[in-house]
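An overview of the molecular structure
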Amino acid sequence: MIIVIDGLSGSGKSSTAKAVAEKLGIQYLDSGALYRVATYIWLEADKDTEKFLEILPLKDIQFEYVDKDFIVHVDGVNVSNKIRKQKVSEHVSIVAALPEVRIFINKLMRKAVKDSNYIADGRDLGSAVFPDADLKFFMEASLEVRAERRFKELRESDDSVTFGQVMENLLDRDSRDKSRKMDPLVKPEDAYIIDTSEKTFDEQVIEICNIISEKVLINKNLEL
Ligand code: DC
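On to the pattern of salt bridges. If the charged atoms of two oppositely charged side chains come close together, the side chains can form a pair. Scanning the entire structure with this criterion turns up twelve salt bridges. When the shortest N-O distance is used, the salt bridge between Asp-190 and Lys-136 registers 3.2 Å. One end of the pair, Asp-190, is in the loop between helix H8 (163-179) and strand S8 (192-195); the other, Lys-136, is in strand S7 (residues 135-140), with 54 residues separating them in the sequence. With its nearest N and O atoms 3.4 Å apart, the salt bridge here joins Arg-180 to Asp-177. Assigned by exposure class, Arg-180 and Asp-177 land together as buried.

Below, the structure is given as structure tokens:
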């Protein structure tokens, strides 16, 4: 079973998807983290896109969700912290727009979710990667709310980051995510829209869990 949550940066997808995964006892897949890994590899290749596209398929990328953390290894090295750095955030939309990268990551994700129950979050999961997902959600929040959330999160690991930088980065990523040629961010027609601007975190988690238990788990006889 695959449940997807799409939405703009900072709309609360990842933290919500993780909490839902915990409550339902299912796996969590962070597709943004995989685009961040690709960006990390691109930066390691000195931003040389040709060289990067040659080495990307040779990389051994392993990921798992353990103790509320999405852990990623590249060739045996844990890069989970490195992929959250501002340098990666600043370049990720450029790398994510490369069709070769999207094809590579889509394959990786489709293979991973085959044998288990997953909730995944991203930008194009319901529209392009898993058009037949069991259930689709699309999360929204105002720009101010999203910037405030992302700022708080980033300040925990990097106290040099400013609110202005975060806002600028969000605007930039929003526009790149919506306008890229391959698989841009779109609201799937069959997705449940969850606007989180005025909701507490617990409220949005409960709303999503309730919809899942009505629509999917009961049909599949899975237990909450
Ligand atoms: O969710 P995040 O901020 O960690 O995602 C990082 C970037 O990855 C984001 O700017 C856009 C890209 N991305 C994408 O293009 N498609 C996805 N399914 C998920 C993320």
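Surveying the vicinity of the ligand reveals 17 residues, the closest of which are Arg-36, Arg-102, Asp-124, Arg-173 and Arg-180. Measuring from an oxygen atom of the ligand, one finds a side-chain N or O atom of Arg-36 at 2.7 Å. For the shell around the ligand, the secondary-structure elements that each account for two or more residues are helix H2 (31-44), helix H4 (86-96) and H8. Among the elements that line the shell around the ligand, the one with the most residues is H2, at four residues. In the shell around the ligand, the residues fall into four nonpolar, four polar and nine charged.

Moving on: H8. End to end, H8 covers 24 Å across 17 residues, agreeing with the expected 24 Å (1.5 Å per residue, within 8%). The complete set of buried residues in H8 reads Val-166, Asn-169, Leu-170, Arg-173, Asp-174 and Asp-177. Taken down its axis, H8 places every buried residue within 135° of arc, on the same side. Exposed residues lying more than 90 degrees from the buried face of H8 are Glu-168 and Ser-179. Along its buried surface, H8 packs onto H2, H4 and helix H7 (143-155).

What follows covers the side chain of Lys-13. Its location among the elements puts Lys-13 in helix H1 (residues 13-24). When residues no more than four places from it in sequence are discounted, the contact partners of Lys-13 are Ile-5, Asp-6, Gly-7, Leu-8, Asp-121, Gly-122, Arg-123 and Met-139.

With that settled, consider H4. The element H4 is largely enclosed, with a buried count of eight among its eleven residues. Every buried residue of H4 is accounted for by Gln-86, Val-88, Ser-89, His-91, Val-92, Ser-93, Val-95 and Ala-96. Elements in contact with the buried residues of H4: H2, helix H3 (49-55), helix H5 (99-112), H7 and H8.

This part is about the sheet that holds strand S4 (residues 69-74). Ordered by their spatial adjacency, three strands build an open sheet running S3-S4-S5, and the pairing between neighbours is antiparallel. The strands lining the two open edges of the sheet, one partner per strand, are strand S3 (61-66) and strand S5 (77-78). Pairing analysis gives six bridges linking S3 to S4, with the strands arranged antiparallel. From the neighbouring strand, Glu-64 faces S4, where its bridge partner is Ile-71. Contacts from H2 reach S3 and S4 within the one sheet, and its direction differs from that of S4 by about 30°.

Attention now moves to the packing of H2 against H4. One can describe the packing of H2 onto H4 by two numbers: an axis separation of 8 Å at closest approach and a directional angle of 100°. It follows from the interaxial angle that H2 and H4 lie roughly perpendicular. Together, Tyr-35, Arg-36, Ala-38, Thr-39, Trp-42 and Leu-43 of H2 and Lys-87, Val-88, Ser-89, His-91, Val-92, Val-95 and Ala-96 of H4 make up the contact between the two elements. Considered class by class, the residues forming the contact of H2 with H4 number eight nonpolar, three polar and two charged.

Now for the sheet that holds strand S6 (residues 118-122). Sheet architecture is open: five strands sit in the order S2-S6-S1-S7-S8, paired in parallel fashion. The open sheet has two edge strands with one neighbour each: strand S2 (27-30) and S8. Averaged over all pairs of adjacent strands, the angle between strand axes in this sheet comes to 20°, irrespective of strand direction. One ladder, built from four bridges, connects S7 with S8; its direction is parallel. Considered in S8, the bridge of Met-139 is made with Ile-194.

Rules of the game
Residues numbered from 1 in each chain as written. Predicted model: local features only at pLDDT ≥ 70, side-chain atom pairs only at ≥ 80, totals over all residues. Heavy atoms only, no water. Salt bridge = Lys/Arg side-chain N within 4 Å of Asp/Glu carboxyl O. Helix = DSSP H or I, 4+ residues; strand = E, 2+ residues; numbered from the N terminus. Buried < 20%, exposed > 50% of the residue type's maximum accessible area, 1.4 Å probe, protein only. Near = heavy atom within 4 Å. Polar contact = N/O pair within 3.5 Å; in protein donor to acceptor, adjacent residues only side chain to side chain. Nonpolar A, V, L, I, M, F, W, Y, C, P; charged D, E, K, R; others polar. Expected span 1.5 Å × (residues − 1). Arc of directions from axis to C-beta. Contact = heavy atoms within 4.5 Å. Pairing = 2+ DSSP bridges. Axes fitted to C-alpha atoms, helices over the stretch in contact; angles between N-to-C directions. Parallel < 35°, antiparallel > 145°, perpendicular 65-115°, else oblique.

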